[in-house]
Amino acid sequence: MGDGMNDGDLGDGGEMSGGGLIETLGVEFFAEGRGRVEARMPVTPAITQPFGFVHGGATIALLESVASRGSELRCDPEAEQPFGVEVHVRHRKSGREGHVRGVAEFDREEPSRGRAGGVKHFWNVTAYDDAGDVMSEGVVTCRVVPRAYVEQRDAASA
């Protein structure tokens, strides 16, 4: 599982810029808000498994990305940083062409009991094919921690 962070800023065309996994997967964010985020990912050979179907890991990466983006939008970017910390997704169906649309809907916020403090955001996530059928669904948890804690840990490990 990755750290759930998106590299770069939302460009004029709705795409995340700055490289990283978002760019590799071809993910485009097209609807963003504090309670709901949507993005789509084209089905290309880069995201399929050897039999030509969408790889479940690519779908999970899309779903964690929309949840993480939602947590970014709920944070104070000067003082907080979100990380994807838990993913529970069930795959129901796969696809071979078109796009996979990922949707994250905010469920709730709870205090985080870790040393860093902060909060946890719980997102209900669903992946759809072009016909609107559910491909995968589940919950992604993002932990939002103070940037001061992240900087302190980075300094200690340097």
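Please refer to the structure higher up on the page.
What comes next is a walk through the structure.

Thresholds applied
- Residues numbered from 1 in each chain as written.
- Predicted model: local features only at pLDDT ≥ 70, side-chain atom pairs only at ≥ 80, totals over all residues.
- Heavy atoms only, no water.
- Pairing = 2+ DSSP bridges.
- Helix = DSSP H or I, 4+ residues; strand = E, 2+ residues; numbered from the N terminus.
- Axes fitted to C-alpha atoms, helices over the stretch in contact; angles between N-to-C directions.
- Contact = heavy atoms within 4.5 Å.
- Core = buried A, V, L, I, M, F, W, Y, C linked by side-chain atoms within 4.5 Å.
- Buried < 20%, exposed > 50% of the residue type's maximum accessible area, 1.4 Å probe, protein only.
- Salt bridge = Lys/Arg side-chain N within 4 Å of Asp/Glu carboxyl O.

**A closer look at the sheet that holds strand E2 (residues 36–42)**
Taken together, six strands build an open sheet; the order of strands is E1-E2-E4-E5-E6-E3 and the sheet is antiparallel. Strands at the two margins of the open sheet, each flanked by one partner only, are strand E1 (28–32) and strand E3 (80–91). Across the sheet, the mean angle from the axis of one strand to that of its neighbour is 25 degrees, orientation sign disregarded. On the sheet, helix H2 (residues 56–74) packs against E1, E2, E3, strand E4 (99–111), strand E5 (119–128) and strand E6 (134–146) and is oriented at approximately 145 degrees with respect to E3. Taken strand by strand, helix H3 (residues 147–157) contacts E3 and E6, and its axis lies near 80 degrees from that of E6.

**Points about the environment of Gly56**
Tracing the sequence through the fold places Gly56 in helix H2. Residues Gly56 and Arg90, 34 residues apart in the sequence, show an inter-C-alpha distance of 9.3 Å.

**Quick word on the nonpolar core**
Within the largest apolar cluster, 24 residues are counted, with the highest numbers of intra-cluster contacts made by Val27, Met41 and Val100. For this core, the leading source of residues is H2, giving six residues. Sequence-distant contacts of Val100, that is, excluding residues within four places in its chain, are made with Ala39, Arg40, Met41, Val43, Val54, Leu62, Ala127, Tyr128 and Met135.

**Digging into the pattern of salt bridges**
Going through the model one piece at a time under the given rule, you end up with ten salt bridges. Of the charged contacts, one joins Arg69 and Glu32 as a salt bridge, the two residues approaching to 2.7 Å between their closest N and O atoms. With Arg69 in helix H2 and Glu32 in strand E1, this pair connects stretches of sequence that are 37 residues apart. According to the relative accessible area criterion, Glu32 is partly exposed, its value standing at 31%. Note that Arg101 and Glu38 form a salt bridge whose closest N and O atoms lie 3.1 Å from each other. You can see Arg101 sitting in strand E4 and its partner Glu38 sitting in strand E2, a full 63 residues away along the chain. Overall, Arg101 belongs to the partly exposed group, its relative accessible area being 27%.

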